[in-house]
Amino acid sequence: MANLRQWRKRKGLTQVDAASVLGVSQPYLSLLEKGMRPLTTALLHRMKTSAADRTALKSEKFRAQLSALGYPGFSHIARPRTKLTADVLLISVLAEPNADSRVLEALPWLIGQCVSHVPLNWLVRQGKLQNLQNRLGFILQSSNVEAPGILSAIHELEEARLLQETTLCWDSMPAATRDWMRINRTPLAEHWNILTRFQAEDIVNAA
């Protein structure tokens, strides 16, 4: 069914992710999208109420991937069969409209631990292509990693910095919170036009 396919595309879901959110198998979802199975009232309800479910599902996957990369804070979580590289995981998290705060807290650690393995040119290019340069630049600078490659990446992102205000993966932030955050955010967050109180020094011992 076209509406179901449009809903999935609009949410940025693969068929596998959408099937997990809706509680059906991927082959069955494919049949639904082709109009070969009826879209029930229960499925329509899940489509309307799935935003929080999608965030929870993504957060669960991100925590597992961080565990696979050795993040101590998620060492108790079972590791996935397929392991993402640090750069792909970083961009995937930053591309999320809403992400779990504990996952975000792990990103400076991810940069610090994996800096020698991350293709920074690809990372910067993807950041620009997806309009994530402000989020990426902020996280790279928050990591306090002073490796030449990181400093060069920050400089390149700085030159492409967007004037449009954004959040650090909390796009559902209420209007009142946005107003408060705009006044109380850190100078670094203000510089990158991000509404957040995130500070790397607050989560150094989070693991």
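Residues numbered from 1 in each chain as written. Predicted model: local features only at pLDDT ≥ 70, side-chain atom pairs only at ≥ 80, totals over all residues. Heavy atoms only, no water.

Some thoughts on the pattern of salt bridges
For step 1, the next point in the chain: Summed over all chains, the structure comprises nine salt bridges.
For step 2, the next point in the chain: Here glutamate 158 and arginine 161 are joined by a salt bridge, their closest N and O atoms 3.3 Å apart.
For step 3, the next point in the chain: The class for glutamate 158 is partly exposed, based on a relative accessible area of 28%.
For step 4, the next point in the chain: Accessibility expressed as a relative area gives 29% for arginine 161, which makes it partly exposed.
For step 5, the next point in the chain: Across the pair glutamate 165 and arginine 182 runs a salt bridge, and its minimum N-O distance is 2.8 Å. Placement of glutamate 165 in the loop between α11 (148–159) and β1 (166–167) and of arginine 182 in helix α12 (residues 175–184) is noted, with a sequence separation of 17 residues between them.
For step 6, the next point in the chain: For arginine 182, a relative accessible area of 34% puts it in the partly exposed group.
For step 7, the next point in the chain: What you see here is one network of salt bridges that share partners, running through Glu165, Asp179, Arg182 and Arg185. (Salt bridge = Lys/Arg side-chain N within 4 Å of Asp/Glu carboxyl O. Buried < 20%, exposed > 50% of the residue type's maximum accessible area, 1.4 Å probe, protein only. Helix = DSSP H or I, 4+ residues; strand = E, 2+ residues; numbered from the N terminus.)

Quick look at the packing of helix α10 (residues 133–142) against α11
For step 1, the next point in the chain: Where α10 contacts α11, the axes come no closer than 9 Å and their chain directions differ by 150 degrees. Our classification of the angle between α10 and α11 gives roughly antiparallel. The crossing of α10 and α11 is left-handed. Across the interface between the two elements, Gln133, Leu136, Gly137, Leu140 and Gln141 from α10 touch Ile150, Ala153, Ile154 and Leu157 from α11. (Axes fitted to C-alpha atoms, helices over the stretch in contact; angles between N-to-C directions. Parallel < 35°, antiparallel > 145°, perpendicular 65-115°, else oblique. Left-handed = near helix turned anticlockwise from the far one by under 90°. Contact = heavy atoms within 4.5 Å.)

Some thoughts on unusual backbone geometry
For step 1, the next point in the chain: One non-glycine residue, asparagine 131, lies in positive phi territory at about 55 degrees.
For step 2, the next point in the chain: Phi at asparagine 193 is positive, roughly 60 degrees, even though this residue is not glycine.
For step 3, the next point in the chain: Topologically, asparagine 193 is positioned in the loop between α13 (187–191) and β2 (194–195).

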